[in-house]
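# Analysis of the macromolecular model
Here's the letter readout for the chains.
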Amino acid sequence: MNADRMLTPEEACDTVLAHIAPLGIERVSLLDATGRVLARDVLARRDNPPHDNSAMDGFAVRFADAQGATTEQPITLQVVEDIPAGTVPQKALEPGQASRIMTGAIIPEGADAIVPVEDTRSQGEQVAILDVEERGAHIRMRGEDMRGDEPVLEKGQVLGPGEISVLATLQQSFVTVYRRARVAIITTGDELVEIEDPVGPGQIVNGNTAALAAFCRAHGAEPLMLPIARDDMDDIRRTIETALDADFILSSGGVSVGDFDFVKQVLDEMQAKTIFWRVAMKPGKPLLFCTIGSTPYFGLPGNPVSSMMSFLQFVRPALYKAGGYPPAAWPLPRATALLDSAVENDGSRRNYMRCRLYYCNGSGALRASVFERQGSHMVSSMIGANGIALFAPEAQVKEGESVSVQIIGPIAQGEAPDA
Ligand code: AMP
Ligand code: MG
């Protein structure tokens, strides 16, 4: 590939992914597995429920005995046993007999229906059945949830609380998951000061390192934040060398064509293999992607919003592929939304505009309210942004027309502007 060619965002993403391999795996304890990605299929190994059991407190009966019972003409059965949950029934039901049974307790031999206690009247050693639904009523069958010989969770499954409940039920106290990617985060610039330092004339606070670290965490990776590197070849080289232990390296700044953009030169000296360095998108045109040995390196733009947009488009898929997520999860989810007000893209690159997506009260339609502020230096344009609306070069989209959006956060209900 000609590294100097400006790629479309789709080409850039495919090219990045072609250079990413899945990370290794590790075993973690069950609670630590929340949010992690399964690296092996999990078999049930035993049936759940482990035995046929009652779904109600009531009486286990032989359906044929109780069939036809009504409040007016109850059918009386002999109670032969109490079966609390956790015990094993001792008596098989003979015709005309019933056992008192609690929710979760094993169904006694001979019984084939449960009559809930509300549909009975207790009479000492006997019970009057007022109603019975059908054969099998209120019986939970062995293995109807999970069967011992079947896989229940597949490799690539992200483990949420629901999946943890399955694993606990299957007595898996440890789980084999993909390792979290360790991501070294570098930033470069003589004008930058760390967050906690005083800001002198001409200086700018390094917001990018914290932002990119937060994005890494939000994508299941472990950030390693390195101190600011100055616009100085030696300082940049030393910093990149420190980062080489990581699975990924992200840097922000120093990759555009300004005089002080040394990052590319240092990488060349370190024999990094440049794959591409420009993508046809706005914001986020300068994006260097290279490999140092086998380590993928993303040289993100310095402008804060650009670096975040580039992260979401290119670093996210790479982290998710490395982290064992299924391919459908790699790119941002897409949808179509109706535009709250007209937008024009007078530029020659696809424009990625931050917006608020919401489900319209009443119609339930997905709508997009594109923010006024779109400057790539305007971090406030990220506040409340749960979507990115995509506008092709020269696009003119009117109010109420549909626009393609990427979803980057949870979507709530909202009120559409007056029609
Ligand atoms: P550069 O690509 O290095 O020319 O940076 C482009 C713009 O982003 C400049 O205005 C920089 O001051 C700004 N910038 C670069 N790095 C950071 C950072 N870590 N935090 C905030 N702004 C930055
Ligand atoms: Mg710079």
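Bear in mind that the values here come from a model prediction, so they are computed numbers and not experimental data.

## Let's talk about the domain arrangement of the protein chain
Under the domain assignment, the protein chain is made up of domain 1 (9–24 + 180–329), domain 2 (25–47 + 148–178), domain 3 (53–140) and domain 4 (334–414). On a C-alpha basis, the centroid separation for the pair domain 1 and domain 3 is 67 Å.

## What about the site of ligand 1?
Taken together, 14 residues surround ligand 1, and among them Thr187, Glu191, Asn206, Gly254 and Gly302 come closest. About the coverage of ligand 1: the protein hides 78% of its 480 Å² of free accessible area. Class assignment of the residues belonging to the shell around ligand 1 gives a composition of 3 nonpolar, 10 polar and 1 charged.

## Quick notes on unusual backbone geometry
In this structure, Pro49 follows Asn48 across a cis peptide bond, with omega equal to -5 degrees. Within the secondary structure layout, Pro49 lies in the loop between strand E2 (42–43) and strand E3 (53–54). In this structure, the amide linkage connecting Lys282 to the following residue, Pro283, adopts the cis form with an omega of -5 degrees. One non-glycine residue, Gln171, lies in positive phi territory at about 60 degrees. Note that Gln171 resides in the loop between helix H3 (161–169) and strand E12 (174–178). A positive phi angle, close to 65 degrees, is found at Glu394, a residue other than glycine. Note that Glu394 resides in the loop between strand E26 (387–391) and strand E27 (396–397). Classification of Glu394 by relative accessible area gives exposed; the value is 55%.

Rules used throughout
Residues numbered from 1 in each chain as written. Chains lettered and ligands numbered in written order. Predicted model: local features only at pLDDT ≥ 70, side-chain atom pairs only at ≥ 80, totals over all residues. Heavy atoms only, no water. Domains from an automatic or database assignment. Near = heavy atom within 4 Å. Areas by Shrake-Rupley, 256 points an atom, 1.4 Å probe, with all protein chains shown as cover. Nonpolar A, V, L, I, M, F, W, Y, C, P; charged D, E, K, R; others polar. Helix = DSSP H or I, 4+ residues; strand = E, 2+ residues; numbered from the N terminus. Buried < 20%, exposed > 50% of the residue type's maximum accessible area, 1.4 Å probe, protein only.

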